[in-house]
Amino acid sequence: MESPKFTTSLRCLCMLLLCAATLNPAFALKNCTFPAIFNFGDSNSDTGGLSASLITLKPPNGETYFHKPAGRFSDGRLIIDFMAKSLGLPYLSAYLDSLGTNFTHGANFATAGSTIRLPINITPRGGFSPFYLDIQYSQFGQFKNRSQIIRQKGGVFANLMPKGDYFSKALYTFDIGQNDLGEVFSNKTIEEVNASVPDIVNKFSTNVKNIYNLGARSFWIHNTGPIGCLPYILANFQSAQRDSYGCAKPYNDVAQYFNHKLKEAIVQLRKDLPLAAITHVDVYSVKYCLFSKPKEYGFELPLVACCGYGGIYNYGSGGCGETITINGSQIFVGSCERPSIRVANKFIFNQISTGLFSDLPTSLKMACHNI
């Protein structure tokens, strides 16, 4: 069986979509007021979960904005940080972080390496988090119940918990699925990975329904990015066919197939969950712009890891923040020097928050409206 082929509309020129977006009824409605965000995902949105529980992050993580490791597998802020800021909310505390946390305006259940399905290779034996989406849902359920018990008891911790009505008024964000694909590339064919996609997406839908049944109403769901453009794919699968921008085409085809099935699932979720407002966000197209037209957006060497060491993709010989020995010399695996390649998350947020990459076109501040 050949890999399914799906072409992505690379909407790098946002002005072409502006007219269509302004025709959307959501643009005539009032801005939403989200008192909290509850996030589920992987390293794309982990603000400290894995760092607090299993892996201690080292510099240069966090160096450009927080000036120290801040639980994020990044030198700066993540998309979820920019989302919180734009909604007038503080940065999300990780649910797994027991020190100095404040959950008044939400909680983050994402951990780096998380998957939708139970992973095979779990940290520390493998590279994937034990906190897969079923566990994140379970944690949320406990958090909802226990946080209200704490508020009712009063005391010093009561004001660190969200109010009861925040759970129905909050924004529920999801960015997960990339690791489900990446985990099995090493021991399965492209065809076998594609065959697993429907089950992955079904399990995602089940968790969305479960969270809806706990009172969630506003959902903001990212599809997965162009995994075939990531350094770890390019370095480990060097014989894979490249597209005109240097990305591994078969692996991007898998990502697009996942996104196609996810889009189908969201259409069904809108039917199954009539009180939900579900915004489906095409982050794939935005991220692919950074690989197809990097200079146009102020980026350099998009296929090369910023923090890494080894080979043409700066990946494979040592992890970010590690000290490795090469030919008898100690080398610190640090980050790139040019700041122009450090602002991808802000660029992506600026694009997706407008609604121009959503289906239907719905901006972040309109995501409570069921249209």
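Here's what I pulled together on the structure shown here. (Residues numbered from 1 in each chain as written. Predicted model: local features only at pLDDT ≥ 70, side-chain atom pairs only at ≥ 80, totals over all residues. Heavy atoms only, no water.)

A word on helix 11 (residues 344-352)
Line of reasoning, step 1. Three or more residues of helix 11 are buried, namely Phe347, Ile348, Phe349, Gln351 and Ile352.
Line of reasoning, step 2. Where helix 11 is buried, its residues touch helix 3 (79-86), strand 4 (218-222), strand 5 (277-281), helix 10 (283-292) and strand 8 (358-359). (Buried < 20%, exposed > 50% of the residue type's maximum accessible area, 1.4 Å probe, protein only. Helix = DSSP H or I, 4+ residues; strand = E, 2+ residues; numbered from the N terminus. Contact = heavy atoms within 4.5 Å.)

Focus: the state of the cysteines
Line of reasoning, step 1. Under the defined criterion, the tally for this structure stands at three disulfides.
Line of reasoning, step 2. There is a disulfide in this structure between Cys229 and Cys247, and the S-S distance comes to 2.0 Å. Across the disulfide from Cys229 to Cys247, rotation about the S-S bond amounts to roughly 105°, and the bridge is consequently right-handed. Taken together, the residues span a long stretch of sequence, with Cys229 in the loop between strand 4 and helix 8 (231-236) and Cys247 in the loop between helix 8 and helix 9 (249-272) at a distance of 18 residues.
Line of reasoning, step 3. Looking at Cys229, the relative accessible area reads 0%, which means it is buried.
Line of reasoning, step 4. Residue classification places Cys247 among the buried positions, given a relative accessible area of 0%. (Disulfide = S-S within 2.5 Å.)

A few points about the pattern of salt bridges
Line of reasoning, step 1. Inspection of every chain in the model, using the stated rule, returns eight salt bridges.
Line of reasoning, step 2. With a shortest N-O distance of 2.8 Å, Asp81 and Arg72 are connected by a salt bridge.
Line of reasoning, step 3. The class of Asp81 is buried, set by a relative accessible area of 0%.
Line of reasoning, step 4. Here Lys169 ties to Asp165 by a salt bridge, and the two come within 3.1 Å at their closest N and O atoms.
Line of reasoning, step 5. Judged by relative accessible area, which is 44%, Lys169 ranks as partly exposed.
Line of reasoning, step 6. For Asp165, a relative accessible area of 37% gives the class partly exposed. (Salt bridge = Lys/Arg side-chain N within 4 Å of Asp/Glu carboxyl O.)

Some remarks on the environment of Glu183
Line of reasoning, step 1. Here Glu183 is to be found in helix 6 (residues 178-184).
Line of reasoning, step 2. A relative accessible area of 8% means that Glu183 is categorised as buried.
Line of reasoning, step 3. Separated by ten residues in the primary sequence, Glu183 and Val193 have C-alpha atoms spaced 9.7 Å apart.
Line of reasoning, step 4. The contact partners of Glu183, leaving out residues within four places of it in the chain, are Pro119, Ile120, Asn121 and Phe128.

Describing helix 7 (residues 190-213)
Line of reasoning, step 1. The end-to-end C-alpha separation of helix 7 is 35 Å, in line with the 34 Å expected for 24 residues at 1.5 Å each.
Line of reasoning, step 2. For helix 7, the principal kink sits at Val197 and spans about 30°; a proline, Pro198, occurs within the next four residues.
Line of reasoning, step 3. Phi turns positive one or two residues past the end of helix 7, at Gly215, with a value near 115°. (Expected span 1.5 Å × (residues − 1). Bend = angle between axes of the 7 residues up to and from the residue.)

Structural notes on the packing of aromatic side chains
Line of reasoning, step 1. All chains considered together, the criterion is met by 29 aromatic pairs.
Line of reasoning, step 2. Consider the rings of Phe174 and Phe204, whose centres lie 5.6 Å apart with planes at 80°: the pair is edge-to-face. Of this pair, Phe174 sits in strand 3 (residues 171-175) while Phe204 sits in helix 7, placing them 30 residues apart in sequence.
Line of reasoning, step 3. On the basis of an interplanar angle of 25° and a centroid distance of 6.2 Å, the ring pair of Phe174 and Phe219 is categorised as stacked. Note that Phe174 is positioned in strand 3 and Phe219 in strand 4, a separation of 45 residues in sequence.
Line of reasoning, step 4. Note on Phe219: relative accessible area 0%, which makes it buried.
Line of reasoning, step 5. Among the aromatic residues, those joined into a cluster by ring pairs are Phe38, Phe40, Tyr95, Phe103, Phe109, Phe140, Phe143, Phe167, Tyr172, Phe174, Phe204 and Phe219. (Phe/Tyr/Trp six-rings, centres within 6.5 Å; stacked < 30°, edge-to-face > 60°.)

Thoughts on the pairing of strand 3
Line of reasoning, step 1. For strand 3, a buried count of five out of five residues is recorded, marking the element as mostly surrounded by other parts of the structure.
Line of reasoning, step 2. Burial of strand 3 is two-sided: the residues Leu171, Thr173 and Asp175 facing one way and the residues Tyr172 and Phe174 facing the other way are all buried.
Line of reasoning, step 3. Direction of pairing for strand 1 (residues 37-41) relative to strand 3: parallel, over a ladder of five bridges. Residue pairing in the sheet places Asn39 in a bridge with Thr173 of strand 3.
Line of reasoning, step 4. Both strand 3 and strand 4 contribute to a ladder of four bridges, which runs parallel. From the neighbouring strand, Tyr172 faces strand 4, where its bridge partner is Phe219. (Pairing = 2+ DSSP bridges.)

Observations regarding a nonpolar patch on the surface
Line of reasoning, step 1. The grouping of Leu29, Leu360 and Ile371 at the surface amounts to a nonpolar patch, some 250 Å² of accessible area in total.
Line of reasoning, step 2. Inspection of the secondary structure puts Ile371 in the segment after strand 8. (Patch = residues over 30% accessible without salt bridge, like charges linked within 9 Å, V, L, I, M, F, W, Y side chains within 5 Å. Areas by Shrake-Rupley, 256 points an atom, 1.4 Å probe, with all protein chains shown as cover.)

Observations regarding the sheet that holds strand 1
Line of reasoning, step 1. With respect to topology, six strands assemble into an open sheet ordered 2-1-3-4-5-8, the strand pairing being mixed. Whereas interior strands pair on both sides, the edge strands pair on one side only; in this sheet they are strand 2 (106-108) and strand 8.
Line of reasoning, step 2. Seen against the sheet, helix 9 touches strand 4, strand 5 and strand 8 and runs at an angle of roughly 170° to strand 5. (Axes fitted to C-alpha atoms, helices over the stretch in contact; angles between N-to-C directions.)

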